[in-house]
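# Chain and residue survey
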Amino acid sequence: MPKKASGSGVLLLVGTTKGAFVFRSSGARTKWTMSGPYLRGEPVYAMAFDGRAGRQRLWAGTGNPFFGSSLRSSDDLGGTWSDKEEHAIKFPASSGLALKQIWQIRPGPVHQPDVMYCGVEPSALFESRDAGKTWTANAGLLGHEHRPKWTPGGGGLCLHTIVPLGDGRMGIAMSTGGFYRSDDGGKSGRARNVGVRAEFLPDKNPEFGQCVHKVVSHPARPERLFLQNHWGLYRSDDFGDTWHDIANGVPSDFGFSMAIHPHDPDTAYIVPLESDGFRCVPEAKLRVYRTRDAGKSWKPLSRGLPQEGAFESVLRDGLDTDTSDPAGVYFGTRSGKVFASRDEGASWEMVAKSLPSVVCVKAAVLAPAPSHAKRKVTAAHSKRKAARRPTRGAR
Amino acid sequence: MPVVVAIPGPLQPYAGGRSDVMVSAPGGTVGDALEALGDEYPGVRDRVLTEQGDVRQHLNVFVDEDNVRFASGLATPVFDGCRVTILPAVSGG
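The following paragraphs examine the structure supplied in this document. (Residues numbered from 1 in each chain as written. Chains lettered and ligands numbered in written order. Predicted model: local features only at pLDDT ≥ 70, side-chain atom pairs only at ≥ 80, totals over all residues. Heavy atoms only, no water.)

Of regular secondary structure, chain B possesses two helices and five strands. Against the 2.2 N^0.38 benchmark of 12 Å for 93 residues, chain B shows a C-alpha radius of gyration of 12 Å, consistent with a compact globule. Principal-axis analysis of the C-alpha atoms places the extent of chain B at approximately 30 × 30 × 25 Å. The long-range fraction of contacts in chain B, counting pairs at least 24 apart against all pairs at least 6 apart in sequence, stands at 48%. Surface exposure of chain B reaches about 4,400 Å², of which carbon and sulfur atoms provide 54%. If the 6 positive side-chain charges of chain B are averaged to one point and the 12 negative ones to another, these points end up 8 Å apart. (Helix = DSSP H or I, 4+ residues; strand = E, 2+ residues; numbered from the N terminus. Rg over C-alpha atoms; globule rule 2.2 N^0.38 Å. Contact = heavy atoms within 4.5 Å. Areas by Shrake-Rupley, 256 points an atom, 1.4 Å probe, with all protein chains shown as cover. Lys, Arg positive; Asp, Glu negative; His and termini not counted. Charge placed at Lys NZ, Arg CZ, Asp CG, Glu CD.)

Time to look at unusual backbone geometry. Look at the link from S175(A) to T176(A): it is a cis peptide, with omega at -10 degrees. With omega at 0 degrees, the peptide bond leading from D325(A) into P326(A) counts as cis. With respect to the secondary-structure elements, P326(A) resides in the loop between β23 (319-321) and β24 (329-332). Even without a glycine there, the phi angle at E283(A) is positive, about 60 degrees. Along the chain, the position of E283(A) falls in the loop between β20 (268-273) and β21 (288-291). With a phi angle near 55 degrees, D64(B) is a residue other than glycine that sits in the positive phi range. Structurally, the position occupied by D64(B) is in the loop between β3 (59-63) and β4 (66-67).

On to the interface of chain A and chain B, then. If you look at the interface, chain A gives 19 residues, while chain B gives 17 residues. Of the roughly 1,400 Å² buried where chain A meets chain B, counting both sides, 53% is carbon and sulfur surface. Contact with chain B buries surface across chain A, with P65(A), F66(A) and F67(A) losing the most and accounting together for 45% of the total. On the surface where chain A and chain B come into contact, there are three salt bridges. One salt bridge in this structure joins D46(B) and K90(A), with 3.5 Å as the shortest N-O distance. Here chain A and chain B share ten residue pairs in polar contact (both at pLDDT 80 or more) between them. (Buried area = accessible area lost by both parts, 1.4 Å probe. Salt bridge = Lys/Arg side-chain N within 4 Å of Asp/Glu carboxyl O. Polar contact = N/O pair within 3.5 Å; in protein donor to acceptor, adjacent residues only side chain to side chain.)

On to the sheet that holds strand β3 (residues 33-38) of chain A, then. One key point about sheets: their strands pair by backbone hydrogen bonds, in either a parallel or an antiparallel sense. Residue and element names in this part refer to chain A. Read across the sheet, four strands follow the order β3-β2-β1-β27 without closing on themselves; strand pairing throughout is antiparallel. Edge positions in the open sheet fall to β3 and β27 (358-366), since each of these has one partner strand only. Neighbouring strand axes in the sheet, compared pairwise and without regard to direction, differ in orientation by 15 degrees on average. Judged from the four bridges that link them, strand β2 (residues 19-25) and β3 form a sheet pairing that is antiparallel. Among the inter-strand pairings, R24 is bridged to a residue of β3, identified as T33. (Pairing = 2+ DSSP bridges. Axes fitted to C-alpha atoms, helices over the stretch in contact; angles between N-to-C directions.)

We now examine the state of the cysteines. All names here are of chain A. Counted under the stated rule, the structure contains zero disulfides over all chains. Of all cysteine sulfurs in the structure, the one in C158 sits closest to C211, which takes part in no disulfide; the separation is 7.5 Å. Judged by relative accessible area, which is 6%, C211 ranks as buried. You can see C280 has no disulfide; the closest cysteine sulfur is in C211, sitting 18 Å from it. Look at C280 and you get buried, because its relative accessible area is 15%. (Disulfide = S-S within 2.5 Å. Buried < 20%, exposed > 50% of the residue type's maximum accessible area, 1.4 Å probe, protein only.)

Another point: the packing of aromatic side chains. For the coordinates displayed, the defined rule picks out twelve aromatic pairs over all chains. Ring plane angle 55 degrees and centroid distance 6.0 Å describe the contact between F66(A) and F67(A), whose orientation is recorded as tilted. The class for F66(A) is buried, based on a relative accessible area of 17%. Summarising the aromatic geometry, the rings of F331(A) and W348(A) are spaced 5.2 Å apart at their centres and angled 70 degrees between planes, so their arrangement reads as edge-to-face. Of this pair, F331(A) sits in strand β24 while W348(A) sits in the loop between β25 (338-341) and β26 (349-352), and the two are 17 residues apart along the sequence. For the pair shown, F331(A) and W348(A) are each scored as buried. Three or more aromatic residues joined by ring pairs make a cluster, and in this case those are W231(A), F254(A) and F256(A). When the ring centre of F239(A) is taken as origin, the NZ or CZ atom of R169(A), which lies over that ring, is 3.8 Å away. In this arrangement the basic side chain of R47(B) is found over the ring face of Y14(B), its NZ or CZ atom lying 3.6 Å from the centre. (Phe/Tyr/Trp six-rings, centres within 6.5 Å; stacked < 30°, edge-to-face > 60°. Lys NZ or Arg CZ within 6 Å of the ring centre and 35° of its normal.)

With that out of the way, let us pick up helix α1 (residues 30-40) of chain B. Residues and elements named next belong to chain B. For α1, every residue scored as buried is listed here: V30, G31, A33, L34, L37 and G38. Down the axis, α1 shows its buried residues gathered within 160 degrees of arc, on one side only. Exposed residues pointing more than 90 degrees away from the buried face of α1 are listed as E35 and D39. Contacts made by the buried residues of α1 are with β1 (2-6), β2 (20-24), α2 (42-48), β3 and β5 (83-88). (Arc of directions from axis to C-beta.)

What follows covers the nonpolar core. It is characteristic of soluble globular proteins that their nonpolar side chains tend to be buried jointly. All names here are of chain B. By size, the foremost hydrophobic cluster in this structure holds 27 residues, and its most contacted members are L37, V48 and V78. It is α1 that provides the largest number of residues to this core, a total of four residues. Filtering out sequence-adjacent residues up to four positions away, V48 remains in contact with L11, L34, D54, V55, R56, L59 and I86. (Core = buried A, V, L, I, M, F, W, Y, C linked by side-chain atoms within 4.5 Å.)

The next point concerns the sheet that holds strand β8 (residues 116-121) of chain A. If you trace the four strands from one edge of the open sheet to the other, you get β7-β8-β9-β10 (chain A), paired in antiparallel fashion. This sheet does not close on itself; its edge strands, each paired only once, are β7 (101-107) and β10 (136-137) of chain A.

Structural data, given as structure tokens:
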């Protein structure tokens, strides 16, 4: 069970189609201050916070439409960012593939503080063993026999979900392709989609090819997974070997986003959308749905959310929880709004209303950095600031 | 064969602040010119070409007024004194 955090504040990392924003609050989460846009003008589809080993490092996956996608880091909560060359993610020449977009950044487990993962487009998993300095494409997935048959979803052929499951197991999900699990530390993996349907294929229950939108799991109960599909809401209790329908009492089982409660493996959150043809919330009512019984029932949460004329949509990485107690829940919409709840979804407040389209929301509780880490961060920060200072006499 | 490569504004910081760079294209193609440019300014190369050596989707490269996409791509010939221009396309952004 993750330790209930009691750090010195809460960060909300918001990736949008035109840059990244950072919201910060005290642990009370009653007032938020916004900074940004950082990485101005670049779509930021992925963000992450790495608080392991005394770090307070932000990560962002940018997708400059002209000059290519890149992984960037900040050690001063967004003030300055690394350059494109510093954490280069590149496909090997032999693959014939080129990086199009970074879709997910996932720090590894706490006991492996220098391990990191990135999910990218075209579907691939990149791994780092040195806290993000260097990256290698996972060979097992790169050479998977199914690769020639994976086809892009509406957003592209993206590996958008990475779920470490412990004991050498890892799950990944892609659109389209489905859910895959490795049981040997990533050397190989098999499709695990029994019970997950693919409405857009002649065979509605293929071995692979589903357009899985999101998978979440709780570290205290890794065998249990929740899955939001392109039509379909599922749970597995055997690490993904089999999936069961849990669309009980939701207005639609179409949707993108999903988040797990930080302390309760039975509790998860989703934002249902009307359909694949009309990707807005049902009845123009913005509602987050929560299950507290592992999907047997779902309850709408709407206090503080607009219930008329709200043609909103939340994308697959646009919903997250923090590890506070009570847990915070956050989401961002395609219309540029960000909502926050400090009472596990019982009530909501809008913390931003006019951002560019929100594509990623990640929450993190800040723990004070130990003094030696602060000195290291300060040195890195000073170096970056000095590199950006104009030389004497330059215009 | 000397050619001038025109660097777009956002990439000039990676070309030492220069807007025009004279390079030698010994093989006589756009690809040779960009390779020579990349030898001197790898930050520009990585932003113009993918890791597979293709021009990025939302960039255009011109030889004088002609877009190489409608010619022979990176194999498009260059000639003495021509201008190879790199420009962001309207399809991006």
